[in-house]
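# Close look at the chain arrangement
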Amino acid sequence: MLPRERSRVLHRIADLVESRDPRLAELMGTRAGAQGRSRAADDGGNGQAAGRGPGEVDYGGEFLRWFSEEAVRIHGRYGLNPEGTGRMVVSQRPVGPSFFITPWNFPFAMATRKIAPALAAGCTVVTKPPQLTPLTTLFFTQLLVDAGLPAGVVNVVTSASSSRVSAPIIADPRLRKLSFTGATEVGHRLIAQAADNVLRVSVELGGNAPFLVFTDADLDEAAEGALTAKFRNIGQACTAANRFIVHEAVAAEFAQRITARVETMKVGRGTEEGVAIGPLIDDDAVDKAAELVADATARGAVVLTGGAKIDGPGSFYEPTVVTGVTGVSDILREEIFGPVLAIATFSTEEEAVELANNTEYGLVSYVYTQDLARGHRMIDRLETGMMGLNTGVVSNAAAPFGGVKQSGVGREGGFEGIHEFLSTKYTLIPNS
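Residues numbered from 1 in each chain as written. Predicted model: local features only at pLDDT ≥ 70, side-chain atom pairs only at ≥ 80, totals over all residues. Heavy atoms only, no water.

### Description of the overall build of the protein
Inclusion rule: Secondary structure follows DSSP: runs of H or I at least 4 residues long count as helices, runs of E at least 2 residues long count as strands, and numbering of each begins at the N terminus. In this setup the radius of gyration rests on C-alpha atoms only. A globule is expected at 2.2 Å times the number of residues raised to 0.38. Buried, partly exposed and exposed residues are distinguished by accessible area as a fraction of the type maximum, computed with a 1.4 Å probe on protein chains only: under 20%, between the cut-offs, and over 50%, respectively. Computed with the Shrake-Rupley method and a 1.4 Å probe, the accessible areas treat only the protein chains shown as cover for residues. Here Asp and Glu are counted as negative and Lys and Arg as positive; His is not counted, and neither are the chain ends. A charge is said to be at NZ when it belongs to Lys, at CZ for Arg, at CG for Asp and at CD for Glu.
Per the secondary structure count, the protein includes 13 helices and 20 strands. Here the protein has a C-alpha radius of gyration of 22 Å; the compact-globule value for 432 residues is 22 Å, and the two agree. Over its C-alpha atoms, taken along the principal directions, the protein stretches across nearly 75 × 50 × 35 Å. Residues counted as buried form 55% of the 432 residues belonging to the protein. A total accessible area of about 17800 Å² is found for the protein, and carbon and sulfur atoms account for 52% of it. The averaged location of the 50 negative side-chain charges in the protein is 9 Å from the averaged location of its 41 positive side-chain charges.

See the structure below:
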């Protein structure tokens, strides 16, 4: 298909997503228990707490619109070589058949974030949806067909065993690109498998995001940002703030403001009116949150609110605030993936940076300060692929999403996102 044709198809898909927003939102909320899935949802944003940003349907749909526009902006270059012996032509071509493995926590956004740039670049796709939330991908695939995407361009393979399906696809010599979002240890194995055929690889793995609050921060804004950064999708997000590193002079006041807000959060089924905290994905997630809180309190931390499992039916854990967390606690080293906000303190900027960077992960960081010079220092010094300065939300279809260190390689979204699916070709035309 020509670039303009690909662009039109993606536009039509985005329109269909918008028109069927309530059905998508209901499907995701029913299966995954998440809230904030549609524009109509009480809590707004991306599975966040009330009224903060677009829902997942809007967020995922924006990738379709963004890359529909990028499909017609794939550029090359032409010019005389330095020696003057010929003309150089540099062009971009589709990298080829691409295989996607997506996670359960944002099943729609993760599908559109990968499929949209692939289609914009002209690549065909095989996608393996998450075992726990596959219905969203199947629904979206039907929308692609309804929008006029030719048969066979996007293919979905469901399976109870991801490895049994993925291994032969990755080994197929026709495959040219692998993109995965999920657990770090799984990413390691997939990268190793992809090496045999030298596949283009992009992987978005674990996160352990620091949330720094300095003495000059606006504490009302910091508290608001903390709730957004922590409780989006009930804390089940790789971008969720995991370690709240707060200056000792304002830690007590910050904790008090956060606790007052958390105590008002309604717990219940994610599709119910006014619910801020829905169920976690399964009982294992509840057990992990409980174990991390128990370890922190055994090492001297104090639970200010929450801190307990909620009896079923359903996999619920109370929205929790823990303060006085020490550096040896597991909760500061492991991704929580639950509604637990853990506060540690620092006394100097140097100590804050050291605490923030003391992790194998480097996806995103959050900083609250009114000192512009300090903000720029944090941009330079924090070892993360993304940073929110005085905001608790960074994700945007027009921005490159991705991390450093064990958080992965490659970028999704932005101008950079489509280049993950393009291969550069150089041609020399000698002077006659």
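### Overview of the nonpolar core
As a reminder of what qualifies: Nonpolar core, defined: a set of buried Ala, Val, Leu, Ile, Met, Phe, Trp, Tyr and Cys residues in which side-chain atoms within 4.5 Å join the residues together.
Grouped together as the largest cluster of nonpolar side chains are 55 residues, with contacts concentrated most on Phe211, Val213, Phe244, Phe254, Ile258 and Ile331. Breaking this core down by element, the ones donating at least two residues are β8 (209-213), α8 (219-231), β9 (241-247), α9 (251-262), α10 (283-298), β13 (320-323), β14 (340-346) and β16 (364-368). If you look at the next biggest cluster of nonpolar residues, it comprises 45 residues, including Tyr59, Phe63, Ala71 and Ala118.

### Some points on the sheet that holds β9
For the record, the criterion: Pairing between two strands requires that DSSP report at least two bridges joining them. Only the contacting stretch of a helix is used when fitting its axis, a line to C-alpha atoms as for every element, and angles between N-to-C directions run 0 to 180 degrees.
Within the open sheet, the 7 strands sit side by side as β10-β13-β14-β9-β8-β16-β17. Their pairing is mixed. Among the strands making up the open sheet, the edge pair consists of β10 (302-305) and β17 (386-389). Taking each pair of neighbouring strands and ignoring which way they run, the sheet shows an average axis angle of 25°. When β10 meets β13, the two strands line up antiparallel, connected through 3 bridges. Counterpart to Thr305 in the pairing with β13 is Val321.

### Quick notes on the environment of Glu272
By secondary structure assignment, the location of Glu272 is in the loop between α9 and α10. Residue classification places Glu272 among the partly exposed positions, given a relative accessible area of 40%. Along the backbone, Glu272 and Gly306 are 34 residues apart, and their C-alpha atoms lie at a distance of 21 Å.

All we've got here are geometric facts, nothing functional implied.
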